[in-house]
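Single-letter residue listing:
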Amino acid sequence: MYRFFVPMENIRENEITITGDDVNHIKNVLRMKPGEKVVVSCGRGIDYYCAVVDIGVEEILLSIVEEKPAVTELPVRITLFQSLPKKDKMEFVIQKAIELGAAEIVPVESKRCIVKLDNKKEEKKLLRWRTIVESAAKQSGRGKIPEVREVMSFSQALSYAEEMDTVIIPYELCGDMAGSVETIKRAAKGESIAVFIGPEGGFERSEVEMAIAHGAVPVSLGKRILRTETAGLTILSVLMFLIEARGKE
């Protein structure tokens, strides 16, 4: 079934109203008819299974058939701290991170970042990134719309990550593969995880040392050097697998 997100105020006791751009999508792209079924969420972890009642000019009226807790959210909150990459790589990373279960994405300006955003560019980028998040959340059946924070400096990001149970920083000079496996397994058993990914060229050694001083644990992702748009998705995939496998134990 197709999935849509609506604000909480659009959900009433037995019915839901869809407004905005989704109205055109339902009418003219999907060409849905009264009686067809959809899933609606307000981004708070509850799925509403609905039937289309009426298709109007500016809104779609749905009747609520059943209400269930969303089952597609990971029980561990993962925040991806992604150093700003070049060109449109950030859009790709955001889209795939949402599919892999990340609850939050924090763009980070680290020392080797080539991209520098002024206030006007950042505002435009955030709007674009949040649109991608919502689209990816719909496509992947998420029960919540993940957050994209405003761009943080590396030190700000480390301070923010101190609230999380485990802070992981993949680092190409970390050769302890066995220790890395254990660190990632332990992280998957907690309630929140921060993952720091460097830009093209990686983190500077001083940044890794600063992260360690803030409680971060360097890990290895293998013997190959991964691109910035690959590294985060690699560790998110491993974490998603371990977390979901834990739920089957």
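Keep in mind that this is a model prediction, so the values were computed, not measured. (Residues numbered from 1 in each chain as written. Predicted model: local features only at pLDDT ≥ 70, side-chain atom pairs only at ≥ 80, totals over all residues. Heavy atoms only, no water.)

A. Inspection of the pattern of salt bridges at higher detail. Within this structure, the stated rule accounts for 14 salt bridges. Among the salt bridges present, the one from Glu73 reaches Arg142, with a minimum N-O distance of 2.7 Å. Of this pair, Glu73 sits in the loop between β5 (60–69) and β6 (77–83) while Arg142 sits in the loop between α3 (119–140) and β8 (147–148); the two residues are 69 residues apart in sequence, bridging distant segments of the chain. Residue class for Glu73 comes out partly exposed when judged on its relative accessible area of 21%. The closest approach of N and O atoms between Glu200 and Lys89, which form a salt bridge, is 3.2 Å. Of this pair, Glu200 sits in the loop between β11 (192–197) and α6 (205–213) while Lys89 sits in helix α2 (residues 89–99); the two residues are 111 residues apart in sequence, bridging distant segments of the chain. Because the salt bridges share partners, they merge into one network encompassing Arg77, Glu104, Glu147 and Arg149. (Salt bridge = Lys/Arg side-chain N within 4 Å of Asp/Glu carboxyl O. Helix = DSSP H or I, 4+ residues; strand = E, 2+ residues; numbered from the N terminus. Buried < 20%, exposed > 50% of the residue type's maximum accessible area, 1.4 Å probe, protein only.)

B. Layout of the nonpolar core. One finds Ile193 and Leu239 to be the most contacted residues of the largest nonpolar core, which totals 38 residues. For this core, the elements supplying multiple residues, two or more each, are β6, α2, α3, α5 (177–187), β11 and α7 (228–246). The contact partners of Leu239, leaving out residues within four places of it in the chain, are Ile78, Ile184, Ala188, Ile193 and Val195. (Core = buried A, V, L, I, M, F, W, Y, C linked by side-chain atoms within 4.5 Å. Contact = heavy atoms within 4.5 Å.)

C. Just the side chain of Glu207, in detail. Along the polypeptide, Glu207 turns up in helix α6. Discounting residues that sit within four places of it in the chain, Glu207 has contacts with Ser110, Lys111 and Phe154.

D. Representation of the confidence of the model for the protein chain in the model. A residue-level look at the protein chain finds 99% of positions with pLDDT of 70 or above and a mean pLDDT of 93. Put simply, strand β1 (residues 2–5) is where the protein chain has its lowest mean pLDDT, 90, and β11 is where it has its highest, 98. (pLDDT = per-residue confidence, 0-100.)

E. Representation of a positive patch on the surface in the model. Residues Lys120, Lys121, Lys124 and Lys125 make up a contiguous surface patch of positive charge. Within the fold, Lys125 resides in helix α3. (Patch = residues over 30% accessible without salt bridge, like charges linked within 9 Å, V, L, I, M, F, W, Y side chains within 5 Å. Areas by Shrake-Rupley, 256 points an atom, 1.4 Å probe, with all protein chains shown as cover. Lys, Arg positive; Asp, Glu negative; His and termini not counted. Charge placed at Lys NZ, Arg CZ, Asp CG, Glu CD.)

F. Broad picture of the state of the cysteines. For the structure shown, the criterion picks out zero disulfides. Cys50 forms no disulfide, and the closest cysteine sulfur to it belongs to Cys42, at a distance of 11 Å. Of the residues examined, Cys50 reaches a relative accessible area of 1% and is grouped as buried. (Disulfide = S-S within 2.5 Å.)

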